[in-house]
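# Notes for the structure review
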Protein chains: 2
Amino acid sequence: MPRVLSSEDVEAFRRRLCVAAEALFAERGAEAVTMRELAQALGVSPMTPYRYFKDKDAILAAVRAAAFARFATALEAAMARPMDPLQRSRSAGEAYIAFALAEPQAYRLMFDLNQPTEGDYPELQAAIVRARRTMTVHVEAMIEAGLLAGDAELIGHMFWSMLHGVLMLQLTGKLAPTIDPTKLRALLFSTVVRGLGIGGR
Amino acid sequence: MPRVLSSEDVEAFRRRLCVAAEALFAERGAEAVTMRELAQALGVSPMTPYRYFKDKDAILAAVRAAAFARFATALEAAMARPMDPLQRSRSAGEAYIAFALAEPQAYRLMFDLNQPTEGDYPELQAAIVRARRTMTVHVEAMIEAGLLAGDAELIGHMFWSMLHGVLMLQLTGKLAPTIDPTKLRALLFSTVVRGLGIGGR
DNA sequence: GATGATTGTTTACACTGTAAATTTATGTTG
DNA sequence: CAACATAAATTTACAGTGTAAACAATCATC
């Protein structure tokens, strides 16, 4: 145990801890993971994490922030290649869905969990606003391109609501067994697109 | 303490317990409520509830079942008066929203919580299917009236998804502060209705 | 090399759900 | 009616939780 930790060391350990925590959270849900087993996974004593994070809530906040960052990165990547606004919008939606289905626990940590102390973690706060922005940029683009008219933020939230709704019902196993989630999403998307009058007519 | 409990007595205590549990759950969330304080709220010792329910999970199941029942009753009431299918559908949607906003915790208990042992409680199971049916009846009516074409269950799930999405984002405080939930719901509803081509054109 | 600060560990505590032992109060029986 | 049997409720006890506080171990600096 070296006497002094460079801030890189601290950062490194924090990252290591976040990775381990994320893996455990993804397995059995955040609530079910114990500080003691998290510590064991890192090969340190149960109290060591407390040197790097105030408490379990702070760890949760860090893991959430990381998830938001990955999410934003995934969406930005999906919109990176040049394409027309409608394509870009569809691509963003697909990336959103892909992320939620690939990392359901991360998705729920981000968008389902209600962390009352959320405001105490500026890093998390920043990650959230970045993710939110990523979700509305393409709507603005569509409006600017004249494909759509109205309040960009409101319309963005509409797409968000609809995606979030199906995904949450699917992820929590609430859909009727007879329902094919993919079909349901397709119907939703096409209906909303038609309702907005995008792409012609 | 009478020596033998009639099944009415048992039922009565169970109901009393469920009411108390619901109140506590609504205040601070189900997870945060302690068996000890639930017992205290009932004026009994901490272990007494275990005579009437196997464990805390069973209490949660009972509370959820009660919530589903109230929910179904509310929706059925909203659809009771004779009206044309479109009105009925709108009325059901409004009742859905009203319930979710009036009892957000109950709503989350019903539709957000993932209770892995859900299948072990037939009463809960029954309450769930009743609620689900209530949510699709009016879509079937619309299809029969020729206002709509397609798979009733799928379309019903579409409405459900969209309602659930906005409501969850609102209830978990994820909407941007600039967004008016009522406006958002109105936009969603009108867009989907137009997209489905209901009511003319 | 002694000192002091900083890292990590050990111990300890209040709290959780609940199993097991124990008490209490009643209905049944001699 | 007294004695018992038994269901109902309570008390006690335990393993496990997050984490505060005491402690031990390491190294930079004089």
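Residues numbered from 1 in each chain as written. Chains lettered and ligands numbered in written order. Predicted model: local features only at pLDDT ≥ 70, side-chain atom pairs only at ≥ 80, totals over all residues.

Glancing now at the overall build of chain A. A tally of regular secondary structure across chain A gives 9 helices and 0 strands. Taking the principal axes of the C-alpha coordinates as reference, chain A spans close to 70 × 40 × 30 Å. By the burial criterion, 37% of the 201 residues in chain A qualify as buried. Within chain A, residue pairs in contact and separated by at least 24 positions form 61% of the contacts whose partners lie at least 6 positions apart. (Helix = DSSP H or I, 4+ residues; strand = E, 2+ residues; numbered from the N terminus. Buried ≥ 20, exposed ≤ 12 C-beta atoms within 10 Å, placed from the backbone. Contact = placed C-beta atoms within 7 Å.)

Bringing the relation of the copies chain A and chain B into the picture now. Think of it as a corkscrew move, a rotation about one axis and a shift along it, taking one chain copy to the other. Rotating chain A by 180° and translating it 0.0 Å along the rotation axis places it on chain B, where the RMSD comes to 0.1 Å. These values place the two chain copies in the arrangement generated by a two-fold rotation axis. Of the residues that chain A buries at the interface, 100% are likewise interface residues in chain B, meaning the two copies contact each other through the same surface. (Least-squares fit on C-alpha atoms with pLDDT ≥ 70 in both.)

Residues and elements named next belong to chain A. What the domain assignment lists for chain A is domain 1 (1–53) and domain 2 (62–196). Its C-alpha centre places domain 1 at a distance of 29 Å from the equivalent point of domain 2. Of the residues lining the interface, 9 residues belong to domain 1; the matching set on domain 2 comes to 7 residues. A per-class count over the side of domain 1 that touches domain 2 returns 6 nonpolar, 1 polar and 2 charged. (Domains from an automatic or database assignment. Nonpolar A, V, L, I, M, F, W, Y, C, P; charged D, E, K, R; others polar.)

What follows covers the interface of chain A and chain B. Each partner contributes to the interface: chain A provides 31 residues, whereas chain B provides 31 residues. Put simply, the parts of the chain that give the side of chain A that touches chain B at least two residues each are helix 8 (152–171) and helix 9 (181–196) of chain A. Residue contributions to the side of chain A that touches chain B peak at 11 residues, all from helix 8 of chain A. In terms of residue class, the side of chain A that touches chain B is built from 15 nonpolar, 10 polar and 6 charged.

Turning next to the packing of helix 9 of chain A against helix 8 (residues 152–171) of chain B. At a minimum axis distance of 10 Å, the contact between helix 9 of chain A and helix 8 of chain B shows a crossing angle of 70°. The pairing of helix 9 of chain A with helix 8 of chain B is recorded here as roughly perpendicular in orientation. The crossing of helix 9 of chain A and helix 8 of chain B is right-handed. Facing Lys183(A), Leu184(A), Leu187(A), Leu188(A) and Thr191(A) of helix 9 of chain A, the residues of helix 8 of chain B in contact are Leu154(B), His157(B), Met158(B) and Ser161(B). The class makeup of the residues in the contact of helix 9 of chain A with helix 8 of chain B is 5 nonpolar, 3 polar and 1 charged. (Axes fitted to C-alpha atoms, helices over the stretch in contact; angles between N-to-C directions. Parallel < 35°, antiparallel > 145°, perpendicular 65-115°, else oblique. Left-handed = near helix turned anticlockwise from the far one by under 90°.)

What follows covers the packing of helix 1 (residues 7–28) of chain A against helix 2 (residues 35–42) of chain A. Residues and elements named next belong to chain A. With their axes 10 Å apart at the nearest point, helix 1 and helix 2 run at an angle of 120° to one another. Taken together, the axes of helix 1 and helix 2 are oblique relative to one another. Classified by chirality, the crossing of helix 2 by helix 1 is right-handed. Residue-level inspection shows Arg 16, Leu 17, Ala 20, Ala 21 and Leu 24 of helix 1 in contact with helix 2, the latter providing Glu 37, Leu 38, Ala 41 and Leu 42.

Turning our attention to the environment of Gly146(A). Residues and elements named next belong to chain A. One can find Gly 146 in the loop between helix 7 (122–144) and helix 8. A tally of 8 C-beta atoms within 10 Å means that Gly 146 is categorised as exposed. C-alpha of Gly 146 to C-alpha of Pro 46: the two residues are 100 residues apart in sequence and 57 Å apart in space.

It is worth spelling out the nonpolar core at this point. Val63(A) and Val63(B) are the most contacted members of the largest nonpolar core, which has 108 residues in total. Not counting residues within four places of it along the chain, the set of residues in contact with Val63(A) comprises Cys18(A), Ala21(A), Glu22(A), Phe25(A) and Leu109(A). (Core = buried A, V, L, I, M, F, W, Y, C linked by C-beta atoms within 7 Å.)

Moving on to helix 6 (residues 104–111) of chain A. Residues and elements named next belong to chain A. Where burial is concerned, most of helix 6 is hidden: 7 out of the 8 residues are buried. Residues of helix 6 that are buried: Gln 105, Ala 106, Tyr 107, Arg 108, Leu 109, Met 110 and Phe 111. The inward-facing, buried residues of helix 6 abut helix 1, helix 4 (56–78), helix 5 (85–102) and helix 8.

Residues lying three or four places apart along an α-helix face the same way, a consequence of the helix completing one turn every 3.6 residues. A rise of 1.5 Å per residue sets the reference length of helix 8 of chain B, with its 20 residues, at 28 Å; its end C-alpha atoms lie 28 Å apart and thus fit the reference within 8%. Across the 20 residues that make up helix 8 of chain B, a large majority, 16, are buried. (Expected span 1.5 Å × (residues − 1).)

A separate point is the environment of Ala62(B). Residues and elements named next belong to chain B. Its place among the elements puts Ala 62 in helix 4 (residues 56–78). Each C-alpha atom, one on Ala 62 and one on Lys 174, is 29 Å from the other, the two residues being 112 residues apart in sequence. Residues contacting Ala 62, with those up to four places away along its chain left out, are Arg 14, Cys 18 and Phe 53.

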